[in-house]
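Chains, contacts and geometry: an overview
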Amino acid sequence: MDSKLALYIVKRLTLAVVTIFLIITITFFVMHQVPGGPFLSEKAPSPAVTAALEAKYGLDKPKSEQYTTYLKGILKGDFGPSIKQRGRDVTTVIMKGFEVSMRLGGTAAVIALTLGLILGSLAAIFHNSIIDKIIMVVTTGLVAMPSFIVATLLLLFFCVWLGIFPANGNEPGGLILPIISLSLYPMSYTTRLTRSSMLDVLSQDYIRTARAKGVKPSKVLFKHALRNAVTPVVTYAGPMIAYIVTGSLVVEKIFAVPGLGKEFVSSIINRDYTMIMGTTIFLGTLIIIMMLVSDILYKVFDPRIELG
Amino acid sequence: MNNIDKMPKKNPLGFQLNLKDFEKATDEEKAQKVIMSESMTFFRDGMRRLRKNRIAMTCLTVLILIALIVTLVPMVYPYTYEQQLGVEQGKRIDKTYNNLKPLEYGETELERIANGENIFPHIFGTDSAGRDYGIRVIYGARISLLVGFFAAIIVLIIGVVYGSISGYFGGKTDLFMMRIVDIIYSLPDMLIIILLSVVLNEVLQPKIEGTALAKVGTDMISIFIVFGLLYWVSMARLVRGQILSIKQNEYILAAKSVGSSPWRIIKKHLLPNSMSVIIISTALQIPSAIFTESYLSFLGLGVSIPMPSLGSLASDALSGIYSYPYRLIIPAIAIWLIVLSFNLLGDGLRDAFDPKLKK
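Residues numbered from 1 in each chain as written. Chains lettered and ligands numbered in written order. Predicted model: local features only at pLDDT ≥ 70, side-chain atom pairs only at ≥ 80, totals over all residues. Heavy atoms only, no water.

**Looking at the interface of chain B and chain A**
Each side of the interface is counted separately: chain B has 40 residues, and chain A has 48 residues. Summed over both sides, the interface between chain B and chain A buries roughly 3,800 Å², with carbon and sulfur atoms accounting for 83% of that surface. Considering only the side of chain B, the residues that lose the most area to chain A are Leu-191, Leu-195 and Phe-298 of chain B, jointly responsible for 16% of the buried surface there. In this structure, the connection of chain B to chain A is made through zero salt bridges. Across the contact surface, chain B and chain A share two residue pairs in polar contact (both at pLDDT 80 or more). When contributions to the side of chain B that touches chain A are tallied by element, the ones reaching two or more residues are helix H7 (171–186), helix H8 (189–208), helix H14 (275–298), helix H15 (310–317) and helix H16 (326–353) of chain B. Split by residue class, the side of chain B that touches chain A holds 29 nonpolar, six polar and five charged. (Contact = heavy atoms within 4.5 Å. Buried area = accessible area lost by both parts, 1.4 Å probe. Salt bridge = Lys/Arg side-chain N within 4 Å of Asp/Glu carboxyl O. Polar contact = N/O pair within 3.5 Å; in protein donor to acceptor, adjacent residues only side chain to side chain. Helix = DSSP H or I, 4+ residues; strand = E, 2+ residues; numbered from the N terminus. Nonpolar A, V, L, I, M, F, W, Y, C, P; charged D, E, K, R; others polar.)

Have a look at this one:
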């Protein structure tokens, strides 16, 4: 690893740390703008109860002190108690939901990348053929569809009309439709990305040279072309995770998957402020780390890229 | 004239002027100098290329058609989006108007039809509160389009101003301004939008009560605030990049040397030359704003009841998916059509106005 790359990594790491810190700060101070503070519900309790509650959650202390306490808690992995779900703390809820969401999102990401690479390469190899055209039309259509539309339509076709899959994410096979709805958009995007970069690579001189030397077409494709065509796809990995995270919020709600997304949405509806804060910070950090990894991988894979 | 032609040259190598060259031009010669076609400006050249792109033109037609429908139809439509057909002052709520299937009528309407009256049919039926679904979809599409346009305009203004200042002044100013952009760019936008929408709803509600803004709703305002806070960064980056490269041209140096003010140089030279990038990314900003709005409305953070948006209509339809699946399909198709058209039109614009970017 050369020093330039190391410098780049240090720079990106610093930016990531600053951003995560910023998210925590924004979340904290924005949430405390809510009238009555995040720990109080709409119904006004008696002054004594209010005072007791404020003392319990440390709300009687000045804002800056509350902020440092919250920050210290997060560093220890403690997001405080949930205000609507009695007796549960935010960290436990997040961890429990995250396990399910990880499985869902991870599978969707793997499927999207694999299928996207395969379909994109196919479209590029059979450029301008009927296969290429079908793939392009379908992916163009899918890229214009928000995840919740895909999810609700899948629910309608496969659960309501055909009755093939269960509509509830808890039942066996119930995760199939959520995975499909989460992976369709990133898959289409990856396909289009792979296709254009593959077309670019296939017209390069070194591919012609390899073919001219008599290298097997399959070897040219996998060893020479795909390797170089895959680099732009790596940059998409970060935004893809961000898309899957935000998509999973609605998809989990639609299919009743007991994941982090569903917890987040219901905490929005219930105005469970500490849950909203905790989940936002957790998911935000996750997205930033993923972006960081994909950016760094990109530079490692393709050293020609100018380091910015 | 002939005598001039016949004029002998005194010396074949001399610089004697040929008098023929000073004759008046004949009409035929004049005709050669006439410019057959008008001069092409950059914009018209791009439009010419765009017109040749059949997909982009189809999308443009579809969008214009949708825009006409959503502006004109509500004016002549006999029902409004918030009117609950079964509710009349001083009478009990007529439940027969709730959940009508497409082209069905409510009880009192049937009586009036029996009396020979003509009643406009409920093309898509009514929703669970007895509101005509057809007008709600049309109105929802209108809201979605408006959000898309306004958000794009906000992004355009902030992004262009910020990007051109940063790009033009360069140096430390640029470094500082771009650090801010970097940080905002790496914030997970959707999460921040959700967070701000939740809080802004609570905070803004009492403040705008009774003002004209109350009708727009806190949710819409918070969507615009969020767009103004977060979404302009990619536009600012693009504009800055363009300006940095255009700034190197000699004509900018010339403009500076005759004492043009920075503002004039930006306005007259730099921005017109980066127009293609600005047009393209504005066109692509609209579908992304519509995406975001429908997503938020679906989560219940978008427009406020009874105002419909395509996202909230789809969300409401989810609870009745077994009995009234068309209520989901209609707004879903509408969102898809609008976003698809904008996407393809944006691609067409990119091909037309930025031949260098063409894939």
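**Let's talk about the packing of aromatic side chains**
The final tally for this structure, using the stated rule, is 17 aromatic pairs over all chains. Ring centres of Tyr-324 of chain B and Tyr-326 of chain B lie 6.4 Å apart, and the angle between their planes is 85°; on these two criteria the pair is classed as edge-to-face. A single burial state applies to Tyr-324 of chain B and to Tyr-326 of chain B, both of which are buried. In textbook terms, an aromatic cluster arises when at least three aromatic residues are bridged by ring pairs, as seen for Tyr-185, Tyr-189, Tyr-236 and Tyr-243 of chain A together with Phe-291 of chain B. Lying across the ring of Tyr-185 of chain B, Arg-237 of chain B places its NZ or CZ 4.1 Å from the centre. When the ring centre of Tyr-324 of chain B is taken as origin, the NZ or CZ atom of Arg-327 of chain B, which lies over that ring, is 4.2 Å away. (Phe/Tyr/Trp six-rings, centres within 6.5 Å; stacked < 30°, edge-to-face > 60°. Buried < 20%, exposed > 50% of the residue type's maximum accessible area, 1.4 Å probe, protein only. Lys NZ or Arg CZ within 6 Å of the ring centre and 35° of its normal.)

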